[in-house]
Every structure is written in C-alpha cells, then in structure tokens.
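Analysis of the macromolecular model
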Amino acid sequence: MRLVTVGCSGSFAGPDSPASSYLVQVPAAEAAAAGAEARDWNVVLDLGNGALGALQRFVDPLDVDAVALSHLHPDHFVDVCGLYVYLRYHPERGSVRTGVPSRLRVLGPTGTAARLEAAYGAEPGDGMGEELDVRTWEPGAPVRVGPLTLEPFRVFHPVEAYGVRVTGPSSLRPGEQAVLAYTGDTDACDGVVDLARDADLLLSEAAFHEGRDDGVERGIHLTGRRAGEVATAAGARRLVLTHLPAWNDPQRSLAEAREVYDGPLDVASTGAVFDV
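Going by an unreviewed UniProt entry, the protein chain carries the name MBL fold metallo-hydrolase and comes from Cellulosimicrobium composti.

Here you go:
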C-alpha cells in the first residue's frame, strides 16, 4: 500500500497544489498475496477542486476502483463532477480494462448523490447513476475494496464529516497489514483519536495556526499542534500534515506539531509518495 498526494491545499486550490485528494494504491502482486484479484487497485480519498487534472498524472481515472469522500465541502468533492464526465464520455468507456466495475463506487456522507447532481447541474430525471454507484457511509460498517478495507469515523466539522481508516497490505512489512488514517477536515475530538489509533501513517489536516486562529470557533480545523496531540494520543507511528491553505507557513505547522509529537513528521506536497 502506498499513498500518493494528488492535492493537499486547504480550503481551495493553491498556486502549487489542487485541493484535497489522495490516491491509495496496491500493486497486483501484493493484492494477490492478500487474497484479492491480481491487478493494481486504486482508491481515491477526496477529489477537491483541481484534483482531477493532477490525478491523471498518476492513474487513468477509468482504473479507479472507488472514491471515498470525507465530506461535502467543494474542496473535497467537487471534481467528482468532472470525473463523471470522464467516465460517461471517454471513448473507451464501457470497455473491459482491468476488472474495474462499470459503475464507480463513491462513498460519502448522507445526501452525496443529490449534492453531486446539484453541483453538476443535472436535469431532473437525468441523474448520474449509470456511471456512479453512490453509497452512504455507515459508522462501524467497514467497506471492502479489493485488498483494502475502508472504515469511516465521524469527526468534528460544521457538516457531516468522516475520517477514513484504510487497512491494506504493507509496503514496508511484506506479508503484514498496515493502517493509513486520513482525518478529512476536523477539529480535535474522540473520533479522530479513535481513527488514528496505532496507525502506521496519520494523514492529518492542519489548516489553522496556533495564536493566529485562536479567535475562530472550535469544531472546524486542527492546528499543527492539535494534529500532533492527536498523533501522540493515538500512538500513530508517522504524521503527515496536509490541508494547509496557501497563506499558511508549512514550517510553522511543522514546528507546532514537533512540540508535542516525537515521531517521523512531514508536510504533504503534490506528487509526494509515502510507503505504508
């Protein structure tokens, strides 16, 4: 299992990165060893504005097995509209490629299908169901996608939002399972600690800065420090900070996290690859 950073800019696309999107991949050999179909597997975590273009550098969208949406703010879901166009009108649509189902599974919060149709501007009666198999997250109900298991955890954000815990074959420990925990957007809460418990890699948003954003109401975003506190409380083995808006200083976010977390620590950047 490896994590590819497709987009990591917080709240909107920045000059150096699209908004949130992350690709989780398992190569064919590792998938077969885990008892899944012997082919490459690709799961996308969020697909925010600008991310579909960058995604094509790493995988043909026709080969995506599932899209897992943390919540329905545009910087996390809106490029699914473009993906729908890709799936509907691509010249090779409907061809047998790699065993990928003809309808793309999209997992998300309550109302995901309606929100996608509204964002796309679908006419009444002209939904997106022929291309997209939209399903609603159910806390406590893991979803299997080939060699990967995706489990949603409710987190603390102004809208219905989930972190996603991904379990799959480890790239670093052959024959063993590894855990990637992605926070989506959240402030500190019990749910995000449960999500990150003993994770091999915690991919955590850190949109706010200590001091600068103290006057903003709680329940929106983590700071670097609060992300570090979550990683420490959960026993996460590695922390990668993401979802930093263009106006943030990544070094300040790192310094905040380092004050409270002593494990390996990075800031995500577009194109960065992390073995898990």
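Still more ground to cover, so stick around.
Tracing the backbone through its elements, the reader meets L172 in the loop between β9 (162-169) and β10 (177-182). With relative accessibility at 55%, the residue L172 sits in the exposed group. For the pair L172 and F77, spaced 95 residues apart in the sequence, the C-alpha separation amounts to 31 Å. Once residues within four sequence positions are removed from consideration, L172 is found in contact with D275 and V276.

With that settled, the discussion passes to the layout of surface pockets. In this structure, the second largest pocket encloses a volume near 260 Å³. Contributing to the lining of the second largest pocket are 18 residues, with C8, S9, D16, S17 and L244 lying nearest its centre. Tallied by class, residues from the lining of the second largest pocket come to 9 nonpolar, 8 polar and 1 charged.

Attention now moves to the sheet that holds β9. Taken together, the 7 strands give an open sheet; going across it, the order is β7-β8-β9-β10-β11-β12-β13, and neighbouring strands pair in mixed fashion. Either end of the sheet is taken by a strand with one partner, and the two such strands are β7 (143-145) and β13 (265-267). Ignoring which end each strand starts from, the neighbouring axes of this sheet average 20° apart. In terms of strand pairing, β9 meets β10 through 6 bridges, oriented antiparallel. Residue R165 lies in a different strand from β10, and its bridge partner there is A181. Each of β12 (239-242) and β13 is contacted by helix α8 (residues 250-258), which is oriented at about 155° to β13, the strand it contacts most.

What counts and how
Residues numbered from 1 in each chain as written. Predicted model: local features only at pLDDT ≥ 70, side-chain atom pairs only at ≥ 80, totals over all residues. Heavy atoms only, no water. Helix = DSSP H or I, 4+ residues; strand = E, 2+ residues; numbered from the N terminus. Buried < 20%, exposed > 50% of the residue type's maximum accessible area, 1.4 Å probe, protein only. Contact = heavy atoms within 4.5 Å. 1 Å grid on protein atoms, 1.4 Å probe; cavity = no way out; pocket = protein on both sides within 12 Å on 5 of 7 lines; lining within 4 Å. Points joined across faces, edges and corners; volume = space filled by probe spheres on them. Nonpolar A, V, L, I, M, F, W, Y, C, P; charged D, E, K, R; others polar. Pairing = 2+ DSSP bridges. Axes fitted to C-alpha atoms, helices over the stretch in contact; angles between N-to-C directions.

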